[in-house]
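Below are the chains, spelled out letter by letter.
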Amino acid sequence: MDGPAASGKSSTARSVARRLGFVHVNSGLLYRAITWWALDRGIAGDGPALEAAVPGLDVDFVPAREGFDVSVEGTRPGPGLESPEVTARVSAVSTLPAVRDVVLERLRRAGRRHEIVCDGRDIGTAVFPGADLKIFLVAEAGERSRRRLRQRGTPFTDEDVERETRRLEARDRLDRSRPLSPLRRAPDAIEIDTTAMSPDQVVDAILELAAAAFR
């Protein structure tokens, strides 16, 4: 399951996995964990230093209540993965070839061990090009902004929505223009526009597609 930021990938993938009896794998957790670790060591903005350190980094998925959590060097960052600092740097960190190599290997290892629903930005194009079912979620940028702000659980204004929209659109441009595994819909992926859909409607639509794909 691929799509731009705040298109509902992770929450949808988690629900679909639960309904199918599969394991949910959120690829973004690995990128965020590496970014969190790099920020902690002051090398998040030093591409060569980070690329040199990542191949030997102990980062992987660990069992959690619903699917997987992520651990880096024996620590589960938890809420730290969603910090503003991590969010501001993760897209740039994820463009580094060494980082992407590590994440791709961990994702494929999870796919070999479990029946999974995996979400990210290059899952159908680069990580699992032979996946049984590929979904590409999209939504209007303003709606994605409101969803992200609602997730934070605090009141927000129209100005907050505008600011968040600008941030998301900048992230979209970076994700779509990066030279390595850019965000794009795989030719055989089914696009679903979730702008006017409830979460349950999106999940039900994907389960119908899964029933046909796995028949």
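Below or above, wherever it landed, is the structure these notes cover. (Residues numbered from 1 in each chain as written. Predicted model: local features only at pLDDT ≥ 70, side-chain atom pairs only at ≥ 80, totals over all residues. Heavy atoms only, no water.)

### Here we look at the overall build of the protein
The number of helices and strands found in the protein is 9 helices and 6 strands. For a compact globule of 215 residues, the expected C-alpha radius of gyration is about 17 Å, and the protein comes in at 17 Å, within 12% of that figure. Over its C-alpha atoms, taken along the principal directions, the protein stretches across nearly 45 × 45 × 35 Å. Residues counted as buried form 47% of the 215 residues belonging to the protein. In the protein, of all internal contacts separated by at least 6 residues, the share reaching a separation of at least 24 is 70%. Distance between charge centres in the protein, computed from 33 positive and 33 negative side chains, equals 1 Å. (Helix = DSSP H or I, 4+ residues; strand = E, 2+ residues; numbered from the N terminus. Rg over C-alpha atoms; globule rule 2.2 N^0.38 Å. Buried < 20%, exposed > 50% of the residue type's maximum accessible area, 1.4 Å probe, protein only. Contact = heavy atoms within 4.5 Å. Lys, Arg positive; Asp, Glu negative; His and termini not counted. Charge placed at Lys NZ, Arg CZ, Asp CG, Glu CD.)

### Side note on the environment of Ile34
Mapped onto the fold, Ile34 is located in helix α2 (residues 27-40). Considered as a pair, Ile34 and Asp60 are 26 residues apart in the sequence and their alpha carbons are 10.0 Å apart. Excluding residues within four positions of it along the chain, Ile34 makes contact with Leu50, Val54, Leu57, Val59, Val93, Val99 and Val103.

### What to know about the packing of helix α1 (residues 9-20) against helix α9 (residues 199-213)
Each pair of packed helices can be described by the angle between their axes along with the distance between the axes. It is the contact of α1 with α9, at a shortest axis distance of 10 Å, that shows an interaxial angle of 50 degrees. Classified by the interaxial angle, the pair formed by α1 and α9 is oblique. Along this stretch, α1 crosses α9, giving a crossing that reads as right-handed. For the pair formed by α1 and α9, the contact residues are Thr12, Ser15, Val16, Arg19 and Leu20 on the first element and Val202, Val203, Asp204, Ile206, Leu207 and Ala210 on the second. A per-class count over the contact of α1 with α9 returns 7 nonpolar, 2 polar and 2 charged. (Axes fitted to C-alpha atoms, helices over the stretch in contact; angles between N-to-C directions. Parallel < 35°, antiparallel > 145°, perpendicular 65-115°, else oblique. Left-handed = near helix turned anticlockwise from the far one by under 90°. Nonpolar A, V, L, I, M, F, W, Y, C, P; charged D, E, K, R; others polar.)

### Section: the packing of α2 against helix α5 (residues 97-113)
Packing of α2 against α5 brings their axes to within 10 Å, and their N-to-C directions diverge by 140 degrees. In terms of orientation, α2 and α5 fall into the oblique class. Pair α2 / α5 crosses with right-handed handedness. Contacts from Ser27, Leu30, Tyr31 and Ile34 in α2 reach Val99, Arg100, Val103, Arg106 and Leu107 in α5.

### Quick word on the side chain of Arg106
Positionally, Arg106 belongs in helix α5. You can call Arg106 buried: its relative accessible area is 13%. Ignoring any residue separated from it by four or fewer positions in sequence, one finds Arg106 in contact with Leu30, Leu57, Val59, Asp60 and Phe61.

### Details of the nonpolar core
The biggest cluster of nonpolar side chains holds 32 residues, and the ones touching the most others in it are Ile34, Leu50, Val59, Val99 and Leu107. When residues of this core are traced back to their parent elements, those giving at least two are β1 (23-26), α2, β2 (59-64), β3 (67-72), α4 (84-93), α5 and α6 (123-127). Top contributing element to this core by residue count: α2, with 7 residues. Not counting residues up to four positions away in its chain, the partners in contact with Leu50 are Ile34, Trp37, Ala38, Ile43, Val93 and Leu96. (Core = buried A, V, L, I, M, F, W, Y, C linked by side-chain atoms within 4.5 Å.)

### Comments concerning unusual backbone geometry
Even without being glycine, Ala6 reaches a positive phi, approximately 65 degrees. Within the secondary structure, Ala6 sits in the segment before α1. A relative accessible area of 16% places Ala6 in the buried class. Positive phi is not limited to glycine here, since Ser181 has a value of about 50 degrees. Residue position: Ser181 is located in the loop between α8 (158-177) and β6 (190-193). Residue classification places Ser181 among the partly exposed positions, given a relative accessible area of 21%.

All quantities given are derived from atomic positions and should not be read as evidence of function.
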